[in-house]
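Each chain, written out:
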Amino acid sequence: MFGLNQPYDLQRVPWSRRNSMFVFSEDFERRSLWFVHCRTPIFQSARKNVFHIQATHDDKVIPYTYFADFSHLRIDAEYGFIEFCLDPVDRMAIRGKGIGLRLTVDRPEGACEGVLYKGGGAYELSFGAAGRSLYVPLEGTLSVSSAPGADTPYENITLDFTPGADGALEAAVHEYMLERDRDERYKSFDDVRAESQRDYELWCKNYRSAGDFEDTAAYAKFVIWSHRQGEGGNGIMKQAMIYMHRLWICHAFAWQQSYNAMSMLNNTGEGWRLICSLFDFQHESGMLPGTVSHYEASYGTPQPAMQGFAIAHILANTDGSMLTYERCKRMYEPFARWAGYWLTYHASVEPDTLEYHNPNESGWDDASVFFGSFPIQSPDLYSHIALLCEAVGRIAEGAGLYVEAGEWLERSKRFINTLIKNHWNGEKFLPRLPSTGELVDAMSLVCYQPIMLGGRLPQDIIDKTAEALMREGEYLTDIGLAAESLKSPNCRFSNKFFVLGKIIAPLQMFITVGLKSAGKVEEAREIARRWCRKVRKNGFILGFAPLPTELDGSEYPDPDRPSAGDTWSWASWTAVCFLIVSTYVLGE
């Protein structure tokens, strides 16, 4: 499934497995494979501990092709093959026949702090904060060479695994932070691979059918499964969370845990756990961190209060058993404090009004709704907080706190009333300046995000919203909804911009889920089909440009090379949006 000249090559989304720190990808420049152990304290890592994978025969580098399924990766060359698979803790299993394996670290740039012989043919490489790795030959031999640099201890490092007399090669590689020795006994390669396949198949049962898009959904499930990190207390994470990326941004983003919960309608217990995972790091103010990594929880800016939307979606599409008495009793206070954070620190000048202080708090960093000034009252904020208050009310009910439940549910209704009264101009919702009460004219798709409230909105607003979204050439394109109207002077497709024109995955999810829940099923499905077809063709890219040039005909800078930019796959964020849309909006 993942290979050279395959629909899913490893230039776009890396290959790994649940809870493994090892990540494989295809080098864009060399068109060869490499792997990295992705532990890093850096938010957007430059990846210095990179190992290039080469096949050798008679000590000469030879060309190879590669192919991977969900449980193992294989490279094939003229004289033989090498296979890799991963266990869920810290081990990479390697076996081969007829050829050798060369791993090179030719750009350590001072990152490698030591190469240490550990006895029994094994070597340890240390990369400081990025962790250590231990290389253990089990069949055949391992030799390691390195050269000093002008200003660093190591200019390059080479590890050569050479087959034994019968042509067989087998090895283990471990990744860790503290001291570690080789295992006394190793499971066979076939056992590790079989366990990995079973684990992935069990993970797939969390999701409902994606119908005509089941092939792409299988890939999406793999991406999310392989981005699940932190199980077993590895680092500061107290339970497993879903990373957004495995190469560039190795962090679990707060609101994306709720996205993932929404997709798992067959396992609401896992969904509830993911929603609650951020509360392990709740600040005394009630604030939740924006991101969590193996090294730190970041509180610089909160992410949107997505939990209410997720809980409402799950309750509306399951039997409601997620909210058990025990869960509600345990989580009522943390949820109330989280809602209280927004009601306290984001309260605006009038009763029942709220404001953003930073565009990152909305998730839409450069949307035109923020072109006025800050603070600003934005329609998406009211939608999130109304649903969060509703969720706190439902949790209070589940805990038997009926007075508190009534108060939270009443707050939810008041915020929806404020949204309609202060922000609906008869055609769409607009942001508002709290200093003057002035509505800010904007042509952002964020103005229509309140459709996420579904049937809580009046029917005339639902009708107007659906009508506007289905007009061809404004927001609706052949590949989904543009984040900025194609008639807007602010519309841009450049990679420099996030929500100024491109078709971005999260907004497709918010809008189509909202339309369907509001009864606009055919409209939701038409938008969903267009976007899902594009994803099936081009992969889990965060933002697609709907046109080959800017609206004025000029070219836009959009370098076709891997980066943390949204023209290349952002892995789990787009993957989970695809799963929600394909299974809920288009599925059974």
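Fair warning: this is a prediction, and the values are worked out from it, not measured in the lab.

Novice: Outline helix α3 (residues 254-263), listing residues and values.
Specialist: Counting buried positions along α3 gives ten out of ten residues, so the element sits mostly inside the fold. Buried within α3 are the following residues: Ala254, Trp255, Gln256, Gln257, Ser258, Tyr259, Asn260, Ala261, Met262 and Ser263.

Novice: Break down the sheet that holds strand β1 (residues 2-3) for me, citing the residues and quoting the values.
Specialist: Reading across from one edge, β1-β6-β7-β8-β9-β16-β13-β12-β11 is the order of the nine strands in this open sheet, with antiparallel pairing throughout. Looking at strand neighbours, the two that pair on one side only are β1 and β11 (114-119), the edges of this open sheet. Here strand β7 (residues 73-77) runs beside strand β8 (residues 80-86); their pairing, made up of five bridges, is antiparallel. Residue alanine 77 lies in a different strand from β8, and its bridge partner there is glycine 80. Helix-sheet contacts for helix α1 (residues 189-204) involve β8 and β9 (91-97), and the interaxial angle to β8 is about 50 degrees.

Novice: Residues and numbers for the pairing of strand β16 (residues 168-176), please.
Specialist: By the criterion of burial, β16 is predominantly enclosed, with eight of the nine residues buried. Bridge count between β9 and β16: seven bridges; the pairing is antiparallel. Its bridge partner being in β16, arginine 91 is matched across the sheet by histidine 174. One ladder, built from seven bridges, connects strand β13 (residues 132-139) with β16; its direction is antiparallel. For tyrosine 135, the partnering residue across the bridge sits in β16 and is valine 173.

Novice: Kindly report on the side chain of threonine 158, identifying the contributing residues and their values.
Specialist: Examined against the element boundaries, threonine 158 turns out to sit in strand β15 (residues 156-162). Dropping the residues within four chain positions of it, threonine 158 is found in contact with Arg102, Leu103, Thr104, Ser143, Val144 and Ser145.

Novice: Can you break down the pattern of salt bridges residue by residue, with the values?
Specialist: Using the criterion set out here, one finds 32 salt bridges in the structure. A salt bridge links arginine 17 to aspartate 199; the nearest nitrogen and oxygen atoms lie 3.0 Å apart. On the criterion of sequence distance, the pair formed by arginine 17 in the loop between β1 and β2 (22-26) and aspartate 199 in helix α1 is long-range, its members being 182 residues apart. Judged by its relative accessible area of 1%, arginine 17 is buried. Where aspartate 160 meets arginine 102, a salt bridge forms, and the shortest distance between an N and an O atom there is 2.7 Å. Of this pair, aspartate 160 sits in strand β15 while arginine 102 sits in strand β10 (residues 100-105), and the two are 58 residues apart along the sequence. On the basis of relative accessible area, aspartate 160 is assigned to the buried category, the value being 13%. Three or more residues joined by partner-sharing salt bridges are found here, namely Arg17, Arg18, Glu195, Asp199, Arg228, Glu231, Glu270 and Arg273.

Novice: An account of the packing of helix α10 (residues 505-517) against helix α12 (residues 572-585) is requested, with residue identities and associated values reported.
Specialist: Running from N to C, α10 and α12 point in directions that differ by 20 degrees, and their axes come no closer than 9 Å. It follows that α10 is roughly parallel to α12 by the angle criterion. The crossing of α10 and α12 is left-handed. Residues Ala505, Pro506, Gln508, Met509, Thr512, Val513, Lys516 and Ser517 of α10 form the contact with α12, whose own contacting residues are Trp573, Thr574, Cys577, Ile580, Val581, Tyr584 and Val585.

Novice: Talk me through the sheet that holds strand β21 (residues 297-298); I want residue IDs and the actual numbers.
Specialist: Taken in spatial order, the three strands of this open sheet run β19-β20-β21, and their pairing is antiparallel. What marks the edges here is a single partner per strand, and that holds for β19 (252-253) and β21. With two bridges connecting them, β19 and strand β20 (residues 291-292) associate as antiparallel partners. What sits directly across from alanine 252, in β20, is valine 292.

Novice: Account for the packing of aromatic side chains, with residues named and values stated.
Specialist: Across all of its chains, the model carries 40 aromatic pairs by this definition. With a centroid separation of 5.5 Å and 25 degrees between ring planes, the pair formed by phenylalanine 370 and phenylalanine 374 is classed as stacked. A connected cluster of aromatic rings, assembled from ring pairs, spans Trp15, Phe22, Phe24, Phe35, Phe51, Phe84, Phe127 and Tyr135. Arginine 74 extends its terminal NZ or CZ atom over the ring of phenylalanine 81, reaching a point 4.2 Å from the ring centre. Over the face of the ring belonging to tyrosine 584 we find lysine 516, whose NZ or CZ atom lies 4.4 Å from the ring centre.

The rules behind these values
- Residues numbered from 1 in each chain as written.
- Predicted model: local features only at pLDDT ≥ 70, side-chain atom pairs only at ≥ 80, totals over all residues.
- Heavy atoms only, no water.
- Buried < 20%, exposed > 50% of the residue type's maximum accessible area, 1.4 Å probe, protein only.
- Helix = DSSP H or I, 4+ residues; strand = E, 2+ residues; numbered from the N terminus.
- Pairing = 2+ DSSP bridges.
- Contact = heavy atoms within 4.5 Å.
- Axes fitted to C-alpha atoms, helices over the stretch in contact; angles between N-to-C directions.
- Salt bridge = Lys/Arg side-chain N within 4 Å of Asp/Glu carboxyl O.
- Parallel < 35°, antiparallel > 145°, perpendicular 65-115°, else oblique.
- Left-handed = near helix turned anticlockwise from the far one by under 90°.
- Phe/Tyr/Trp six-rings, centres within 6.5 Å; stacked < 30°, edge-to-face > 60°.
- Lys NZ or Arg CZ within 6 Å of the ring centre and 35° of its normal.

Geometric values such as these leave the question of function open.
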